[in-house]
Every structure is written in structure tokens, then in C-alpha cells.
Amino acid sequence: MKKDGFSGKLGFVLAAAGSAVGLGNIWRFPYLTAKYGGGIFLLTYVVLVLTFGYALLISENAIGRMTRRSPIGAFRKLCAGKHSFLGAVRWGGWINSIVPLIILPYYCVIGGWVTKYVAALLVNPVSAFHKDALATHAGKSMSASAAYFLNFISDPVGSTAFFLVFVIITALVIACGVEKGIERFNKIMMPLLILLCIGICVYCMFLPGAGAGFRYYLMPDVRKFSYMTVVAAMGQLFFSLSIAMGIMITYGAYMRRNEDLISGVNQVEIFDTAVAFLAGMMIIPAVVAFGGEKAAENAGVGLVFITMPQVFAGFAGGRIFGVMFFVLVLFAAATSAVSLMETNVQMVSQEMRISRFKAILCVLGEVIGIGVVTLMGYSLLSHVRPLGFIEKYRNFDILDTLDFLSNSVLMPVGAIFTTVLVVAVVGLEKFSHYIRSGRPWRREFLFQFCMCVVVIPCLLVVLLNATGVLK
Ligand code: PFF
């Protein structure tokens, strides 16, 4: 993230897309889509991104550009002079800022898993992951690929080592401030990642049984729709577009006043969704081809780690592609983790009034502390179910719990504050006028409609669901 502002719209789009495209697209989106019914989840997600997600994305950027402040400062500035209810909206800045502190530790846990898979494919023959190979985990026979993953995450020492490698890489980038280099690198790595994904999609198209997988992914089956589809899609939208966590407010603050906010936001939205769509095209047909729809519905956090090596084991030279794939995913994850950590470091150093170096140490301590506990949730603390007292969350391990608390509780609350800020504190008309800045804005009506009618009810459904009122 640059402090001196983006050089132009391209600078903004690249930085925002670099932050937006990450594990959310390649790790989280495919497993949620598989789990929540395939096509119907995809459809719900796309509709939500184009309406709800768009309204919040553009709002956050505009808030940043209007105030030129960090989230806490932006909320404070816009609420200055307001009393009672409207004055209280300023706490929204805090909620938006706390979310990245919860996400970063478990983001680094998954980053560590990706790091491990780069190493695993470098040293193991890829045939070890063949879909027909069997192995055991905790005395149970299963596919070798699944057993490899489960054995790895349940090894406290090995998984912590790879987690630390990922955290250290991220912290070094932040400490050295080599973001310019990263941005340049980004311009090569992102297109490469997309090309590789397209290549893998084409290969997956020809897997025996992939047709059923494509149907599962692309044909919505309304019988599979439930409000959980909406809840999961909404959480994914926050995570993937990096909204309701202050980051887009910060990016908006770095944008020049005369830049075209509308088209910049459109590009980030399209790019992020396209990458997620591609990742789904690559993974879901393969899961269905190897294990049928049941395997897809049972998908969990391990999906990409279990299925992708099986795909690579299926063709000559698969190992090289496998290593390349995980290196590129690692890169996408690292750029996102850098922006998450940078947001945390800035917030801690500003609000605690400490130096940047001390803030880095504080954030590192927090990430390592919570991250290690999260990791142990698969080994030494595997019996811990933090939300076990609520029936529907009784199977949530520590990572699931952090993911749930941030995406399904705090982010909706943060987004409600943002909506109230836009609609009631600033005023919708004034806000739209600011975004328009004399340019044509095709989605203005949609934006206003979403902010007034759609966003808050949707968020309330998510929150009611989270509290367990809705079963
Ligand atoms: N949007 C990122 C992803 O999809 O992986 C995650 C993320 C990165 C969220 C950076 C927030 C952020 F500041």
C-alpha cells in the first residue's frame, strides 16, 4: 500500500486487485461453492456481488476519498458534530479496523499450508497423490491425497514451521517496504496465475466424469437453495472483495481526487469475481469427477489441497505444473497478507501512538499467538469447539470459528455502520453526487436502491442467522 497516493487509476486497480485476489478466490470460494450446492451458490454470489457488494465497495472507496483518512479517522470525521444515534455511528470505524486483526492469523495459517504444498510437490513424486492411491490417517483408510493433508495439519510442529515461514515472509516485505518490487512482480504473477488456471480448467474439462461436475457448478439447482446459501455467499463476498475491513477505505484515501472512481471499482469487482469463477471451474469439476457430488457437498477447508494434487497426478509433467500452481497461489496469498498486515500495522501505530517498528512487533505477536492456537485446533486442541454451546456451530473448530466471527458477525455489523454512515450521516443524495463527480453513472439507481432497501435487511438476516435465531 502506498502512502503517497496511487499514480493513476491503474495503480489503484492493481493495488486493490492485488489485495482482493488471494486465498479468498482460490481456497475459500471453491470449497464454499462445492459445499453449498454448486450452481445455486455461484448464481447467488454473482447477484450479490453485482448489487450489494458493488454498493458497499463503491461506498467504502468514496468514504476514503472524501475524508482522506484511515477507517477510524474517516468515521470520526464524517460523524463530527452529530449527536446521539448518528454520533455513535463513528464506532463503525473501530469495527472495520478490528476485522483484519482476526482474519490475518488464520489467513497466515492457510498461507502456511500453501507454502507446505510448494515444498511437498517439490520433494514428493506427484504419483503419491494419485486419486486411486490409498493411505491412512488416524487409522482410517482414505485417498492418499486426503490422508497427506490431514496428517500434515495434525502435525503441530510441521504445520507451525510452515506457518512461521509464511508470517516471516509477509513481515519482511512490510518491514523492508519493498512494495514497489512487489507491485512489479504482481504484474507478471497475476496474469501467469490466470493463464495457468485457464490451462488447468481446459485439462479438467476432459477428465472422465467432469461433465457432471460442470453441470453441478454451472447449472443452478433451486432445490439446493436455502438462506444459508445467501449467508455463506455474503460472508464470501466480504472476504473476497476485502470490504467491511477498512481496507477499501484506506485505498480510496490514496486515490487522486480526479480519478474515475466508478470505473476503477467496476474493474476490481469484475477482476476479483472472474478469478474466483475460474478457480471454481478448475476445482469443482475435478472434485465431482473424482468423488461424485457427495464429495463436493462434503467439501471443507482442505478442498484445494486435496483435489488439486490429484489433478496434477493425472498427467505427465503434472509435478511441474503443481509446483507452479502453488507458487502462484502463494504469491497471491502473500500480496493479500501484506495488505492485511499493513492495515493492522497502520491502525496499531496510529491508535496506540507507537512507532511503526513497535507496531509491527505487536501485530506479529498477535498473529503468531492466535495463529498457533488456530493451528493447534487440528492437533493438540482438536477437541476444542469454541462455539460448541450453540447447536449449529458445535462442529466448528478454531479456524471455522474465527472465520465465522469475522465474516458472518463482525463484517455485517461493520457494513451496517457503513450503510448508516452513507445514508443517514452523509445523506444518500450528497454521497451519490460526490461519487458521480459529473460523470455518467449507470448503476446509480441500483446503488441507491441497494443502500436504502437491500443492504440492511440482508445484513440483518445474516446476523439473525449467526445468533442462531434462524435455524
Ligand atoms: N480479499 C482477500 C482474498 O480474497 O484472499 C483477503 C483480504 C486481503 C482481505 C486483504 C482483506 C485484506 F485487507
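Now for a look at the structure at hand. (Residues numbered from 1 in each chain as written. Predicted model: local features only at pLDDT ≥ 70, side-chain atom pairs only at ≥ 80, totals over all residues. Heavy atoms only, no water.)

The number of helices and strands found in the protein is 18 helices and two strands. Expected size for 471 residues packed as a compact globule is a radius of gyration near 23 Å; at 22 Å, the protein falls within 12% of this value. Its C-alpha atoms put the protein at 65 × 50 × 45 Å along the principal axes. With the model as given, the accessible surface of the protein reaches about 18,200 Å², and the carbon-plus-sulfur share is 69%. One way to put it: in the protein the 37 positive side-chain charges average out to a point 5 Å from where the 22 negative ones average out. (Helix = DSSP H or I, 4+ residues; strand = E, 2+ residues; numbered from the N terminus. Rg over C-alpha atoms; globule rule 2.2 N^0.38 Å. Areas by Shrake-Rupley, 256 points an atom, 1.4 Å probe, with all protein chains shown as cover. Lys, Arg positive; Asp, Glu negative; His and termini not counted. Charge placed at Lys NZ, Arg CZ, Asp CG, Glu CD.)

Attention now goes to the packing of helix 6 (residues 92-123) against helix 17 (residues 398-436). Relative to each other, helix 6 and helix 17 sit at 150 degrees, their axes nearing to 9 Å. Taken together, the axes of helix 6 and helix 17 are roughly antiparallel relative to one another. As helix 6 runs across helix 17, the sense of the crossing is left-handed. For the pair helix 6 and helix 17, contact is made by Gly92, Ile95, Asn96, Val99, Ile102, Ile103, Tyr106, Val109, Ile110 and Trp113 and by Leu399, Leu402, Asp403, Ser406, Asn407, Leu410, Met411, Val413, Gly414, Phe417 and Thr418, respectively. Grouping the constituent residues of the contact of helix 6 with helix 17 by class yields 14 nonpolar, six polar and one charged. (Axes fitted to C-alpha atoms, helices over the stretch in contact; angles between N-to-C directions. Parallel < 35°, antiparallel > 145°, perpendicular 65-115°, else oblique. Left-handed = near helix turned anticlockwise from the far one by under 90°. Contact = heavy atoms within 4.5 Å. Nonpolar A, V, L, I, M, F, W, Y, C, P; charged D, E, K, R; others polar.)

Once that is clear, we can look at unusual backbone geometry. At Ala138, a residue that is not glycine, the phi angle is positive and equals roughly 50 degrees. Structurally, the position occupied by Ala138 is in the loop between strand 1 (134-137) and strand 2 (140-143). Accessibility expressed as a relative area gives 70% for Ala138, which makes it exposed. (Buried < 20%, exposed > 50% of the residue type's maximum accessible area, 1.4 Å probe, protein only.)

It is worth spelling out the site of the ligand at this point. Surveying the vicinity of the ligand reveals 15 residues, the closest of which are Ala20, Leu23, Gly24, Tyr107 and Phe239. At a separation of 3.0 Å, an oxygen atom of the ligand approaches a polar backbone atom of Leu23. One nitrogen or oxygen atom from the side chain of Tyr107 is found 2.6 Å from an oxygen atom belonging to the ligand. If the ligand stood free it would expose 340 Å²; the protein chains cover 100% of that surface. Secondary-structure elements contributing two or more residues to the shell around the ligand are helix 1 (9-20), helix 2 (23-35), helix 11 (227-241) and helix 15 (318-351). Split into classes, the residues belonging to the shell around the ligand amount to seven nonpolar, eight polar and no charged. (Near = heavy atom within 4 Å. Polar contact = N/O pair within 3.5 Å; in protein donor to acceptor, adjacent residues only side chain to side chain.)

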